[in-house]
Amino acid sequence: MSTSTATAHPNIALAKYWGKRDEELIIPATGSLSLTLDVFPTTTSVSLGHSDDDVVMLDGVALSGEESARVRTVLDRVRALSGRAEYAHVVSANTVPTAAGLASSAAAFAALATAAADAYGLEADDRMLSRIARRGSGSACRSVFPALARWNAGTDDLTSFAEPLDWSGPELAMIIGVVSTKRKAISSRAAMQRTVQSSPYFPAWVDSSARLLERMSDAVADGDVDTLGELTEQSALRMHASMFGAVPPIRYLSQASIALFDAVAELRADGLSAYATADAGPNVKILCRADDSAAIVEGLRSIGADAEYVVAHAGPGARIIEREGA
Ligand code: 2P0
């Protein structure tokens, strides 16, 4: 028996991915850009040589149905590319509440792709790992890389992958305002489908995202935190607006989320540089300069914005941390 263990961290999109052009290959309707964090890693081990079927354990519980099918999709891809057929025993441990809009699936599938490629002896460069991770969960293709990464939408399996971006601006922080750790009512996968199929705002989302991504990439190249932050907030609100237009409507933002967006705007009016974003859940993430993060948390608390705050910074890409057996 041989085991490969990998770790990966969640990423938060500054320019959001929302909606697919190809459901099976997970080709997105829009490109996106994200920051991989240094908190809440997922560790995943892939063992070969003692299973007569794929077995997937997440935090001690055997997965079945849709979740295990997604893991199998990634394993099948690695088996096809490596020319090997053995079943795998997968053990994964999250350090973040699963499915609460804190990007647990991004870290999970980036770690799985990395561990599986190593276990099956597939010589995969980061671009190939990004393409493999994408098949499990779109946003996972970005967590292969450290810090800032851009997922080029592409048009097929070969052209849809993330790549790292250089950053020469001041050190960034992402303050995570946790207002709820409940499991989300609708998965982001189902919510995206419904938005694509029924929201009259979806075409405008796709159209405006392409321009926003180019402007954001320029802001990254310039090390311009404030333009990056302004575009981050725009992208989040436009994404949520596209969901509001779905039938029936999808609303992940709660009153507490909106209160946090308001509090961030209030801090900005007071001269602090802070920008809010939110994903498929009510938790709000605040992009800022690392040097300002303590003042921003203190400011939010003094306004009475009620949340648990975790200050994250740019984190590492997915990597192998242990190998056992041959
Ligand atoms: C993102 N989200 O860019 C966006 C913003 C949530 C809101 O990617 O269907 O788990 O597996 O490709 O990647 C969450 O969706 O969806 C997500 P699938 P995924 O981070």
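Residues numbered from 1 in each chain as written. Predicted model: local features only at pLDDT ≥ 70, side-chain atom pairs only at ≥ 80, totals over all residues. Heavy atoms only, no water.

This part takes up the nonpolar core. Counting residues in hydrophobic clusters, the biggest one holds 48 residues, and the most contacted among them are W18, V46, L75, V90, L112 and Y252. The leading source of residues in this core is helix α2 (residues 104–119), at nine residues. The contact partners of L75, leaving out residues within four places of it in the chain, are D54, A88, V90, L112, A116 and Y120. A15, L35, V178 and V220 belong to the second-largest nonpolar core, a separate cluster that totals 25 residues. (Core = buried A, V, L, I, M, F, W, Y, C linked by side-chain atoms within 4.5 Å. Buried < 20%, exposed > 50% of the residue type's maximum accessible area, 1.4 Å probe, protein only. Helix = DSSP H or I, 4+ residues; strand = E, 2+ residues; numbered from the N terminus. Contact = heavy atoms within 4.5 Å.)

Reading across the sheet, the four strands line up as β13-β14-β12-β15 and stay open at both edges, with antiparallel pairing between neighbours. Each of the sheet's edge strands pairs with one partner strand only, and the pair in question is β13 (274–278) and β15 (308–313). Here the average twist between neighbouring strands, direction ignored, is 25 degrees. In this sheet, β15 lies alongside strand β12 (residues 172–178) in antiparallel orientation, the contact comprising six bridges. Residue pairing in the sheet places A173 in a bridge with H313 of β15. Contacts from helix α7 (residues 225–244) reach β12, β13 and β14 (284–289) within the one sheet, and its direction differs from that of β13 by about 30 degrees. (Pairing = 2+ DSSP bridges. Axes fitted to C-alpha atoms, helices over the stretch in contact; angles between N-to-C directions.)

A word on the site of the ligand. In the neighbourhood of the ligand, 18 residues make up the surrounding shell, with Y17, K20, G138, S139 and R142 lying closest. A distance of 2.6 Å is found between an oxygen atom of the ligand and a side-chain nitrogen or oxygen belonging to K20. With respect to the ligand, the side chain of R189 contributes an N or O atom lying 2.8 Å from an oxygen atom. Looking at the shell around the ligand, the element that brings in the most residues is helix α5 (residues 188–198), giving three residues. (Near = heavy atom within 4 Å. Polar contact = N/O pair within 3.5 Å; in protein donor to acceptor, adjacent residues only side chain to side chain.)

Bringing unusual backbone geometry into the picture now. The linkage connecting V247 with the following residue, P248, adopts the cis geometry, with an omega of -10 degrees. Topologically, P248 is positioned in the loop between α7 and α8 (255–269). You will see that I26, though not glycine, has its phi angle at about 55 degrees, which is positive. You can see I26 is positioned in the loop between β3 (20–22) and β4 (27–28). What makes I26 buried here is its relative accessible area of 1%. Its identity is not glycine, yet A147 carries a phi of approximately 50 degrees, on the positive side. Position of A147 relative to the elements: it lies in the loop between α4 (140–143) and β10 (148–152).

According to the domain assignment, the chain consists of domain 1 (2–167) and domain 2 (172–313). Look at where the C-alpha atoms of domain 1 and domain 2 centre, and you get two points 23 Å apart. Listed per partner, the contact involves 38 residues of domain 1 and 50 residues of domain 2. A buried area of about 3,500 Å², summed over both sides, lies between domain 1 and domain 2, and 68% of it is on carbon and sulfur atoms. Interface area lost by domain 1 to domain 2 is led by K16, W18 and W167, which between them contribute 26%. Joining domain 1 to domain 2, the criterion identifies three salt bridges. The partner of E66 in a salt bridge is R189, with the nearest N and O atoms 3.6 Å apart. Across the domain 1-domain 2 interface, the total number found is 10 residue pairs in polar contact (both at pLDDT 80 or more). Within the side of domain 1 that touches domain 2, the residues separate by chemical class into 20 nonpolar, nine polar and nine charged. (Domains from an automatic or database assignment. Buried area = accessible area lost by both parts, 1.4 Å probe. Salt bridge = Lys/Arg side-chain N within 4 Å of Asp/Glu carboxyl O. Nonpolar A, V, L, I, M, F, W, Y, C, P; charged D, E, K, R; others polar.)

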